[in-house]
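Single-letter residue listing:
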Amino acid sequence: MKGDDKLCKSCLTGLVKTGKKLHIDVIKYEKELKKRDAQKKKKLKKVKQPKKIIDKKKTPKSIASQNRLKSIHWKDSQRLVLKFTRALKRTELNTFNLNYTKKKQYKKVYDIHAVLSKSAMQLSHSSVKKIRLAQFDQNTLRIVFENDKTIKQEYLIKGKELIIKMSRKNQKLEYIPIKENSSKKIIVIDPGHGGKDSGAVGYKKYREKVVVLQTSKKLRDILVKRGYTVYMTRNGDQFIKLRQRTKFANKKKADLFLSIHANAVPKRNRHKAHGIETYFLSSKRSQRAENTLRAENVDISKMDKRSMNAALHLMSREKIFASNKLAIDLQQNMLSSLNQRYKVKDGGVRSGPFWVLVGAEMPAVLVEIGFISHPSEAKKMINHRYQKTQAIGIANGVDRYFDKNH
Ligand SMILES: [Zn+2]
């Protein structure tokens, strides 16, 4: 019966059971059974616990790592840089491969004696299928590259940095710095208009409410990937009153409120107006904000000037200032992201009394992602790749804002 544990166990159990019934001394068998159970438990425990990847000698498990991942970013299209709070020792890194040739699953694992102070995240690069970063145990930050063929990579430790060189260049530049502080931040994205209110109707009858929702959803996905908590004022085509939008953000205790819109001008001017603009709420209205104001404030035309003034009066100088800074970061990062591939006009950062921003208890901006009335800009705006590039830019702006201000 050696070697066949199951059979052995059932025999012993049987012996004990029947032995007891027949009043035969079964202590010997009981002992054997207990021993086996204990062994089995031990075995199970061993299986349950994932393989210890880090060499015990190299990294004492009892000591929680003081080293934290500070940032992660692509240095260029081929090199991923993980930057830590202190210098990384060679002994604090362990790499190995996990290859499942039958499943066509190849993994390259980097275990680093460090702490990732945020939830797990995924990155992407065209040379592999998946890149996942997570806290493996108390002291081990694990980064796993997965592909359907063998992964060839080189790496280098340089002071506080671990640089991983991918086998080939990335075709799409779609990933940018991830900041560790993002996990605690709450963002409310407000796709403009919706339902009976289609917003601006532009070139080829493209509707603002549709385009801004598409871009907003992409922005949401990117921000979530980067560890932010994100809420949308609408996920579908429904009408929501302007004031409800900031109320929602207040209720969610959001750190930022981003209202996403598209601009438009009358048909006769459609070739003239294009570009992206970012607005923040202020009693000062820039001259060029006039048209946008008229378009975006349209469904609250009944509200009088006095209540707007009262609302503006209640706004603190700090909040206006913070919103202004946020607007600058978003605008700059949108431009730099989009200009890598497209040519986009910088419409600048402006201020004005926008109703959709009134009442927000956090820095709040309104982004005009482009002129839906402009023939070639509108065509780009409905393109998913363009939308994603723009969303990445906005997300980078959010990262940048928190990086500087918190
Ligand atoms: Zn709008």
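Residues numbered from 1 in each chain as written. Predicted model: local features only at pLDDT ≥ 70, side-chain atom pairs only at ≥ 80, totals over all residues. Heavy atoms only, no water.

1. Some thoughts on the overall build of the protein chain
Logical step 1: Helix and strand counts for the protein chain stand at 9 helices and 16 strands.
Logical step 2: When the 406 residues of the protein chain are sorted by exposure, 48% land in the buried category.
Logical step 3: By sequence separation, contacts in the protein chain at least 24 residues apart represent 74% of the contacts at least 6 residues apart.
Logical step 4: Accessible surface, the protein chain: about 22,400 Å² in total, of which carbon and sulfur atoms supply 52%. (Helix = DSSP H or I, 4+ residues; strand = E, 2+ residues; numbered from the N terminus. Buried < 20%, exposed > 50% of the residue type's maximum accessible area, 1.4 Å probe, protein only. Contact = heavy atoms within 4.5 Å. Areas by Shrake-Rupley, 256 points an atom, 1.4 Å probe, with all protein chains shown as cover.)

2. With respect to the nonpolar core
Logical step 1: Among the nonpolar cores identified, the biggest contains 43 residues, and Ile 187, Leu 219, Leu 223, Leu 258, Ile 260 and Val 398 are the most heavily contacted of them.
Logical step 2: Looking at this core, the element that brings in the most residues is helix α9 (residues 384-405), giving 8 residues.
Logical step 3: In this view, Val 398 contacts Ile 187, Leu 223, Tyr 228, Leu 256, Leu 258 and Leu 330; residues no more than four positions away in its chain are not counted.
Logical step 4: Membership of the second largest hydrophobic core comes to 24 residues, among which are Ile 112, Leu 123, Leu 133 and Ile 143. (Core = buried A, V, L, I, M, F, W, Y, C linked by side-chain atoms within 4.5 Å.)

3. As for the pairing of strand β15 (residues 346-352)
Logical step 1: For β15, the tally of buried residues reaches 5 of 7 residues, placing the bulk of the element in the interior.
Logical step 2: Two elements, strand β14 (residues 276-281) and β15, share 5 bridges in a ladder whose sense is parallel. Across the sheet, the residue bridging to Thr 278 is Val 349, located in β15. (Pairing = 2+ DSSP bridges.)

4. Here's the deal with the pattern of salt bridges
Logical step 1: Counting across every chain of the model gives 6 salt bridges.
Logical step 2: Of the charged contacts, one joins Asp 190 and Arg 245 as a salt bridge, the two residues approaching to 2.6 Å between their closest N and O atoms. Of this pair, Asp 190 sits in strand β11 (residues 186-191) while Arg 245 sits in helix α4 (residues 242-251), and the two are 55 residues apart along the sequence.
Logical step 3: Classification of Asp 190 as buried rests on a relative accessible area of 0%.
Logical step 4: A salt bridge links Asp 237 to Lys 209, with the nearest nitrogen and oxygen atoms 3.1 Å apart. Taken together, the residues span a long stretch of sequence, with Asp 237 in the loop between β12 (229-232) and α4 and Lys 209 in helix α3 (residues 208-225) at a distance of 28 residues.
Logical step 5: Take Lys 209: its relative accessible area is 7%, and that puts it in the buried class. (Salt bridge = Lys/Arg side-chain N within 4 Å of Asp/Glu carboxyl O.)

5. Observations concerning the packing of α3 against α9
Logical step 1: Packing of α3 against α9 brings their axes to within 8 Å, and their N-to-C directions diverge by 50 degrees. By the angle class used here, α3 and α9 are oblique. The two elements α3 and α9 meet at a crossing, and its hand is right-handed. Taking contact as the criterion, the partners of Val 211, Gln 214, Thr 215, Lys 218, Leu 219, Ile 222 and Leu 223 in α3 are, on α9, His 384, Gln 387, Lys 388, Ala 391, Ile 392, Ile 394, Ala 395 and Val 398. (Axes fitted to C-alpha atoms, helices over the stretch in contact; angles between N-to-C directions. Parallel < 35°, antiparallel > 145°, perpendicular 65-115°, else oblique. Left-handed = near helix turned anticlockwise from the far one by under 90°.)

6. Considerations on the confidence of the model for the protein chain
Logical step 1: Looking at the protein chain, pLDDT values average 82 and 78% of them are 70 or higher.
Logical step 2: Here strand β10 (residues 178-179) stands out as the least confident element of the protein chain, with mean pLDDT 52; β11 is the most confident, with 97.
Logical step 3: In this model, residues 46-63 is a region of pLDDT below 50 whose contacts with residues beyond four sequence positions or in other chains number 23 contacts. (pLDDT = per-residue confidence, 0-100.)

7. What about the packing of aromatic side chains?
Two measures describe an aromatic ring pair: the distance that separates the ring centres and the angle between the ring planes.
Logical step 1: The final tally for this structure, using the stated rule, is 8 aromatic pairs.
Logical step 2: Relative to Tyr 386, the ring of Tyr 342 lies with its centre 4.7 Å away and its plane at 70 degrees, an arrangement referred to as edge-to-face. Of the two residues, Tyr 342 sits in the loop between α7 (317-338) and β15 while Tyr 386 sits in helix α9, which places them 44 residues apart along the sequence. Taken individually, Tyr 342 and Tyr 386 each receive the classification buried, so the pair is uniform in this respect.
Logical step 3: Taken together, the ring pairs connect Tyr 110, Phe 145 and Tyr 155 into an aromatic cluster.
Logical step 4: Sitting above the plane of the Tyr 100 ring, Lys 103 keeps its charged end 5.0 Å from the centroid. (Phe/Tyr/Trp six-rings, centres within 6.5 Å; stacked < 30°, edge-to-face > 60°. Lys NZ or Arg CZ within 6 Å of the ring centre and 35° of its normal.)

8. Examining the packing of α7 against α9
Logical step 1: Across the interface, α7 lies against α9 with an axial gap of 7 Å and an inter-helix angle of 140 degrees. It follows from the interaxial angle that α7 and α9 lie oblique. As for how α7 packs across α9, the hand of that crossing is right-handed.
Logical step 2: For the contact of α7 with α9, the class distribution of residues is 10 nonpolar, 8 polar and 4 charged. (Nonpolar A, V, L, I, M, F, W, Y, C, P; charged D, E, K, R; others polar.)

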